[in-house]
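# Results of the structural survey
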Amino acid sequence: MIVVLGRPRLRAHARREPSASVRPPALSGLAAQIALSAATAGSTVELVGSIGDDGDGDAVAVALGHAGIGHAALLRDPASITPVERGERERPPRLDARDIELGLRYLVDYRVLVIAEQLPPEAEVVALDAAAYHEAAVVAVVPPGAPPGAALAAAGTVFEASPEAGAPFAELVGRYAAALDAGTD
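Residues numbered from 1 in each chain as written. Predicted model: local features only at pLDDT ≥ 70, side-chain atom pairs only at ≥ 80, totals over all residues. Heavy atoms only, no water.

### Thoughts on the pairing of strand E4 (residues 45-52)
E4 sits mainly inside the fold: eight of its eight residues count as buried. Of the two faces of E4, the one lined by Val45, Leu47, Gly49 and Ile51 and the one lined by Glu46, Val48, Ser50 and Gly52 are each fully buried. Bridge count for strand E1 (residues 2-5) against E4 is four bridges, and the pairing is parallel. Within the sheet, the bridge partner assigned to isoleucine 2 lies in E4 and is valine 45. Crossover handedness for the path E4 to helix H3 (residues 55-66) to strand E5 (residues 74-77): right-handed. (Buried < 20%, exposed > 50% of the residue type's maximum accessible area, 1.4 Å probe, protein only. Helix = DSSP H or I, 4+ residues; strand = E, 2+ residues; numbered from the N terminus. Pairing = 2+ DSSP bridges. Right-handed = clockwise from strand over helix to strand, strands pointing away.)

In structure tokens, the structure reads:
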């Protein structure tokens, strides 16, 4: 199983087209796109992260379910708003060390942990400790020009997302994680 860690987004068009909100194309953001790619490649995928406790968060959860992506450890943050693609949102969902620890406790057997966004240092430590405990391979994505910390670089494979990182990049990372999950070196 693969665990993808990050905050999924909702595509802007899904807000205007209610019927689209239940289909996977409604999902956006690197975490959701990597999870979709890994699931399409045949892996069992769980997404650990957070969304707002709002209608857009409901649409994200339904779309994940329709895509076959587990989201039992996707936390709802009542003090935030679910991110929407290309939208400026005032209160993005938090994703701190306690949230990650809680989310990863739900998942007891995974082979690959994908860190799909840059985490605060204490949250990164929690994620890497959990991966080490499960002897899971680590795949991480860092923003352009942001070197990974020493612990992250030593833990596994680190990809630098280009400023144009989109579906092809997410597909590459998802398929790479799926290959690791299948036992490919």
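And the narrative resumes.
### Re the side chain of serine 80
In this fold, serine 80 is placed in the loop between E5 and helix H4 (97-105). Since its relative accessible area comes to 5%, serine 80 is described here as buried. Reaching out from serine 80, the side chain makes a polar contact with the backbone oxygen of aspartate 77 at a distance of 3.2 Å. (Polar contact = N/O pair within 3.5 Å; in protein donor to acceptor, adjacent residues only side chain to side chain.)

### Comments concerning the packing of helix H2 (residues 30-40) against helix H7 (residues 167-181)
One can describe the packing of H2 onto H7 by two numbers: an axis separation of 7 Å at closest approach and a directional angle of 50°. The angle between H2 and H7 places the two elements in the oblique class. Crossing handedness for the pair H2 and H7: right-handed. Here H2 contributes Leu30, Gln33, Ile34, Ser37 and Ala38 to the contact with H7, which in turn contributes Phe169, Ala170, Glu171, Val173, Gly174, Arg175 and Ala178. (Axes fitted to C-alpha atoms, helices over the stretch in contact; angles between N-to-C directions. Parallel < 35°, antiparallel > 145°, perpendicular 65-115°, else oblique. Left-handed = near helix turned anticlockwise from the far one by under 90°. Contact = heavy atoms within 4.5 Å.)

### Some thoughts on H4
The set of residues buried in H4 consists of Ala97, Asp99, Ile100, Gly103 and Leu104. Along H4, the residues classed as buried sweep out an arc of 160° about the axis, all on the same side. Set apart from the buried face of H4 by more than 90 degrees, the exposed residues are Arg98 and Arg105. The distance from a side-chain oxygen at the start of H4 to the backbone nitrogen of arginine 98 is 3.2 Å, and the residue carrying that oxygen is aspartate 96. (Arc of directions from axis to C-beta.)

The quantities given are spatial measurements derived from coordinates; they are silent on function.
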